[in-house]
Amino acid sequence: MNKSVSIATPSDQAYRGEQPWGMASDLVIEQALTPNDDLWAPIGPDAWSRPLHINTSLGYYVHLLRVTKSGILQRHRHSGPVHAYVIKGSWYYPEHDWIAKEGSYIFEPPGETHTLTVPDDCEEMITLFTVFGALMYVDQDGNSTGYDDVFTRIERYRTHFEKVGLGADYVETFMR
Ligand code: FE
């Protein structure tokens, strides 16, 4: 039987040319919300980060933040922009009158300082964050108490992946 089909398939319509020399390879993570604990690095009490995409030349990272406690997580000032999409649960900044709910998209402008807080009625929140630059942790008056950026995140992921047996270099899976 002839297996050829007469209708156009998507591959019939594919670009035929070459891709540019030097282009990074694509990155596909089929199960971003994996239940595999080995892929979620602890970043604090009842808080985990699942890396999806790490870029050192532009200084950003894309990750899923999962938190299973309520209350204040931390207060920070942003040196770069942040894009967020809430997948589950909710959170808010007491500096603003809106609540980031399941399905919400949020843009955090560079320069902003806010206090990430999970409401009491939220048992688990999961949010996709694309973070450029640094989160500078600050006290209520803006005095710096520490920071995180793509490089401190990489170190955190490397330590975790080594500990669970994947090897520190597993972090390279996510780097483009
Ligand atoms: Fe923020």
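Report on the accompanying structure. Bear in mind that the values here come from a model prediction, so they are computed numbers and not experimental data. (Residues numbered from 1 in each chain as written. Predicted model: local features only at pLDDT ≥ 70, side-chain atom pairs only at ≥ 80, totals over all residues. Heavy atoms only, no water.)

**Concerning the packing of aromatic side chains**
Part 1 of the reasoning: For the coordinates displayed, the defined rule picks out nine aromatic pairs.
Part 2 of the reasoning: Aromatic side chains Tyr93 and Trp98 sit 5.7 Å apart centroid to centroid with 80° between the ring planes, which places their arrangement in the edge-to-face category.
Part 3 of the reasoning: The interplanar angle of 80° and the centroid separation of 5.0 Å between the aromatic rings of Phe161 and Tyr170 together place this pair among those described as edge-to-face.
Part 4 of the reasoning: Ring-pair connections join several aromatic residues into one group, and the members of that group are Trp91, Tyr93, Trp98 and Phe129.
Part 5 of the reasoning: Sitting over the ring of Trp48, Arg66 keeps its end group 5.0 Å from the ring centre. (Phe/Tyr/Trp six-rings, centres within 6.5 Å; stacked < 30°, edge-to-face > 60°. Lys NZ or Arg CZ within 6 Å of the ring centre and 35° of its normal.)

**A few points about the nonpolar core**
In summary, soluble globular proteins display a tendency toward joint burial of nonpolar side chains.
Part 1 of the reasoning: One finds Ile54, Trp91, Met125 and Phe129 to be the most contacted residues of the largest nonpolar core, which totals 28 residues.
Part 2 of the reasoning: Of all the secondary structure elements, the ones that give two or more residues to this core are β2 (47–55), β3 (60–67), β5 (82–88), β9 (113–118), β10 (125–132), β11 (135–138) and α1 (150–163).
Part 3 of the reasoning: Among the elements that line this core, the one with the most residues is α1, at four residues.
Part 4 of the reasoning: Trp40, Leu52, Leu64 and Ile126 belong to the second-largest nonpolar core, a separate cluster that totals six residues. (Core = buried A, V, L, I, M, F, W, Y, C linked by side-chain atoms within 4.5 Å. Buried < 20%, exposed > 50% of the residue type's maximum accessible area, 1.4 Å probe, protein only. Helix = DSSP H or I, 4+ residues; strand = E, 2+ residues; numbered from the N terminus.)

**Details of the coordination of the iron ion**
Part 1 of the reasoning: Looking at the metal site, the iron ion is ligated by His76 (NE2), His78 (NE2), Glu108 (OE) and His114 (NE2), spaced 2.0 to 2.2 Å from it.
Part 2 of the reasoning: Relative to the metal, the four donor atoms surrounding the iron ion lie at angles of 79 to 171°, and the coordination shape comes out irregular.
Part 3 of the reasoning: Along the chain, the residues that donate to the iron ion are spaced as H-x1-H-x29-E-x5-H. With a gap of 32 residues between them, His76 in strand β4 (residues 71–78) and Glu108 in strand β8 (residues 105–108) connect regions that are remote in the sequence. As far as the burial class goes, His76 and Glu108 line up, both buried. (Donors = N, O, S within 2.8 Å, 3.2 Å for Na, K, Ca; no water. Tetrahedral: all angles 85-135°; square planar, octahedral: opposite > 155°, others 65-115°.)

**Quick notes on the pairing of β5**
Walk down a regular strand and you will see the side chains alternate between the two sheet faces.
Part 1 of the reasoning: When β5 meets β8, the two strands line up antiparallel, connected through four bridges. Across the sheet, the residue bridging to Val82 is Glu108, located in β8.
Part 2 of the reasoning: Sheet analysis places β5 next to β10, joined by six bridges and oriented antiparallel. Its bridge partner lying in β10, Tyr85 is registered against Leu128. (Pairing = 2+ DSSP bridges.)

Functional significance is not addressed by these values, which are geometric in nature.
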